[in-house]
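Architecture and fold: a report
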Amino acid sequence: MRRPTPLSRLQEHLGSCRVRVHGVTQGAGFFVAPSYVVTCAHVAGAQPGARVPVFWMDTEFEGIVLTASAPPRGRELWPYPDLAVVRLLDAPSGHPCVWLDTMTPSRDASLTAAGFSDIYERGSASERSAALLSGGSTKPAGGKMLELVGGEINKGLSGGPVLNHESGGVCAIVKATRLQNTSMGGLGTPTSALRLLDPDVYRDLIRAHDTFHGQDDRWSRLSDRVIAHDAVGHDEGFDLELNATEERQILALISQLPKEPVERTHSATTGHLAAFFAAAVEGTLPPTRYPLLDHRDVFTELTALMPPEDRGLPYELAFTADLARRGAAAGQAWTGVAQQLRDRVLITAGRLGLGDAMQRRLAEQSGPEGEPSIIGRIRHSLRDRRLYHVMVWRYRSAHDIRPAAPESEALALDHAVKHLAELLPEQIEIMGGATSPGLIELILPVEAIDEGFADLELWPQLPWFSLGRKQRVVVRPLERHEAPSLHAVWAERWRELDGKAVGDMVVCVCGRGDQHQAALDASFDDDLALGVLALAGTPQSPPVSDAYQVAVASGVPMMMWRRGSVACERADGGTCGAPGLGSCPGSGFFTELCASLDDVRRDDLPERIRRLRVDAEKPPKREGHLGGDIVLLWDDPRRQLPRSPLAPAQEGPSR
């Protein structure tokens, strides 16, 4: 007597996860996590909070709709994605759950749908499973649907799971039949479309799903046997892929990480999109079909990419290493799971023969010098210094600096400033989004150093957003970056500021009186601690412009001033001598600045200046508030552009 095949056992287990839902209509659903049921909105209803009866093993349980798609407006077919999440108020203990598969099945892949039917006994629903094939996809209004062909899809299958025999996971939810009482099949909604529902409900559900499967191996033991034969004759690069067990172990750990905030703006991706690009190959297009709401979504989207051509770390494994490295530096909330993630990626990379690459990934520098940023540069044209070229990079570490687009043609200065501003929004989105404060470093010639970049409104749909309040905008002097001979003293002054309060180090420089260039140069030569300047006016207006030139050549790494201001006059009519600590009778800006920065350290200054810009807009607004027009020059010598690009720029939009 032959034993049941692994597939038949998995199909039987799929059936044990199936439930009947009696909502606005009657249909199917299935357990995805303890107490959580997924079904169609046209079955459960679209009203969150509604109570619905759910039947499992012929026992009735009370469920509550947590989230659901909106109902139709004058159309028979419910709008995309037509999904609902129901939670049982008193769920049966020990019930099984399906494994959700986010991969799209290949054309003609064998599928099994599970639900109910009353075809043979009207009014009495009996369990039914349907053998189907993947017929491709279609895209009605709203989103992508899977075509289910080769079998009959009756109403009782609606809301039921669709098992992909290739992956051993549930890839879709049955939505609709094409034509009743025929074998013309119908449509299924991909499981990834759950990300279009309420983000909080989705994240609770998917984390409970991954935690469950990290502890309960009933599904995995069956699915692993079903897909084991696929390893033979697989595409080149399969030997560097994670196996199903490794994926489940990693996802179970990821489900324990603290949640990242989800901003309910035009983009819900926030830091997850930045994490995706930190792990993905340069030039990869971002996921656009469904938002990235949780760490898991980043992981599964990365698994859908082709393996690295250089046989490097699989992208999802690189992402997991980034989580482990980040968690190790994040404190108590991450410590335990971060260590487990680190151990898991080292074991997995070792099996793949990528142990050295993983060690390098885990050892990548963290801290300010390794903080991701966008670096924009305006430089003079070599042929005509009245014209300028613009280029932007994404900086993730000293070893990972990637051009975001080719360098521009030679432009007039006002056009160069405008072009740089136009390049920033897309890169900000890639690096985390407008509402996730990131570092924007602008390397500028002195003639552009006082431009109002912090005041830019780059998001037309959100006109109250300004760049300097949403991002940590700093400027850096082009002149120093193009003169390697000036770098040694620059690095020394930067080190001298480490760990010291900026408010205790700042001195005022105006260029008046005894602050002529030779005297200032002598003062800077004599004191490496002179590393934070409050300029008494804009660097574009003499005599402050003369002092600015000396400060740049002397390696002063931090300066602040009011944009567009002229040099102040001493209130007592005295002469300004060499810069030193203490009050300046003529500069209210200097006095207010010292008070505002009394406790801030060198590496935290960009964030403090951003907060000052935010405070300047809070009611009641005060005329002349320090943050209203402040400019920060913050020039970290550890964060330099390579002499030649580390990666070639790509034509057209680069992501």
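Check the entry above for the structure.
In this report, the structure presented in the accompanying data block is examined. (Residues numbered from 1 in each chain as written. Predicted model: local features only at pLDDT ≥ 70, side-chain atom pairs only at ≥ 80, totals over all residues. Heavy atoms only, no water.)

Considerations on the pairing of strand β19 (residues 532-535)
This is how it is decided: For each residue, the accessible area found with a 1.4 Å probe, counting protein chains only, is set against the maximum for its type, and the residue is called buried under 20%, exposed over 50%, and partly exposed in between. Counting from the N terminus, the helices are the DSSP runs of H or I reaching at least four residues and the strands are the DSSP runs of E reaching at least two. Look down the strands so they point away from you; if the path from the first strand over the helix to the second goes clockwise, the crossover is right-handed. Two strands make a pair as long as DSSP finds a minimum of two bridges between them.
Alternating positions in β19 separate into two faces, V532 and A534 on one and L533 and L535 on the other, with burial throughout. Once you follow strand β18 (residues 507-509) into helix α16 (residues 517-526) and on to β19, the crossover reads as right-handed. Of the pairings in the sheet, the one linking β19 to strand β20 (residues 558-562) comprises 3 bridges and is parallel in character. What sits directly across from L533, in β20, is M559. Since β19 and β20 lie parallel, the crossover through helix α17 (residues 544-553) that links them has a hand, and here it is right-handed.

Quick notes on the packing of aromatic side chains
The criterion, for reference: Stacked, tilted and edge-to-face are the three classes applied to pairs of Phe, Tyr and Trp rings, where Trp contributes its six-membered ring and a pair requires centres within 6.5 Å; stacked means planes under 30 degrees apart, edge-to-face means over 60, and tilted covers the rest. A positively charged side chain is recorded as over a ring if its NZ (Lys) or CZ (Arg) lies within 6 Å of the ring centre. The angle to the ring normal must also be within 35 degrees.
Applying the stated rule across the entire model yields 5 aromatic pairs. Judged by centre distance (6.2 Å) and plane angle (70°), the rings of W459 and F465 are edge-to-face. Taken individually, W459 and F465 each receive the classification buried, so the pair is uniform in this respect. For the pair Y548 and W561, a centre-to-centre distance of 6.4 Å together with 75° between the ring planes defines the contact as edge-to-face. Pair noted here: Y548 is in helix α17 and W561 is in strand β20, with a separation of 13 residues, a long-range link. The pair formed by Y548 and W561 is uniform in burial state, with each residue classed as buried. Three or more aromatic residues joined by ring pairs make a cluster, and in this case those are W459, W464 and F465. Across from the ring centre of F116, 5.6 Å away, lies the NZ or CZ of R18, which sits over that ring.

Quick word on the sheet that holds strand β9 (residues 145-149)
Pairing between sheet strands relies on hydrogen bonds along the backbone, with the strands arranged either parallel or antiparallel. How we decide: Every axis corresponds to a line fitted to the C-alpha atoms, with the helix fit spanning only the stretch in contact, and the corresponding angles, defined between N-to-C directions, vary from 0 to 180 degrees.
On the basis of which strands lie adjacent, the closed barrel formed by 6 strands has the order β7-β8-β9-β12-β11-β10 and antiparallel pairing. With strand direction ignored, the average angle separating the axes of adjacent strands in the sheet is 45°. When strand β8 (residues 126-138) meets β9, the two strands line up antiparallel, connected through 4 bridges. Within β9, the position partnered with S134 by the bridge is L148.

Some thoughts on the sheet that holds strand β5 (residues 59-68)
Note the following rule: The contact definition used throughout considers only heavy atoms, calling two residues in contact when any of these lie within 4.5 Å.
Reading around the barrel, the 6 strands line up as β1-β2-β3-β6-β5-β4 and close back on themselves, with antiparallel pairing between neighbours. Neighbouring strand axes in the sheet, compared pairwise and without regard to direction, differ in orientation by 40° on average. The sheet contact formed by strand β1 (residues 18-22) and strand β2 (residues 26-33) spans 5 bridges and is antiparallel. If you follow H22 over to β2, its bridge partner there is Q26. Taken strand by strand, helix α3 (residues 199-215) contacts β2, β3 (36-39), β5 and β6 (84-88), and its axis lies near 65° from that of β2.

A few points about the pattern of salt bridges
Between side chains of opposite charge, a pair can form as their charged atoms come close. How we decide: For salt bridges, the criterion is a side-chain nitrogen of Lys or Arg within 4 Å of an Asp or Glu carboxyl oxygen.
Under the definition given, this model contains 35 salt bridges. One salt bridge connects K259 with D204, and the closest N-O pair in it is separated by 2.3 Å. Of this pair, K259 sits in the loop between α5 (244-254) and α6 (270-279) while D204 sits in helix α3, and the two are 55 residues apart along the sequence. Looking at K259, the relative accessible area reads 40%, which means it is partly exposed.

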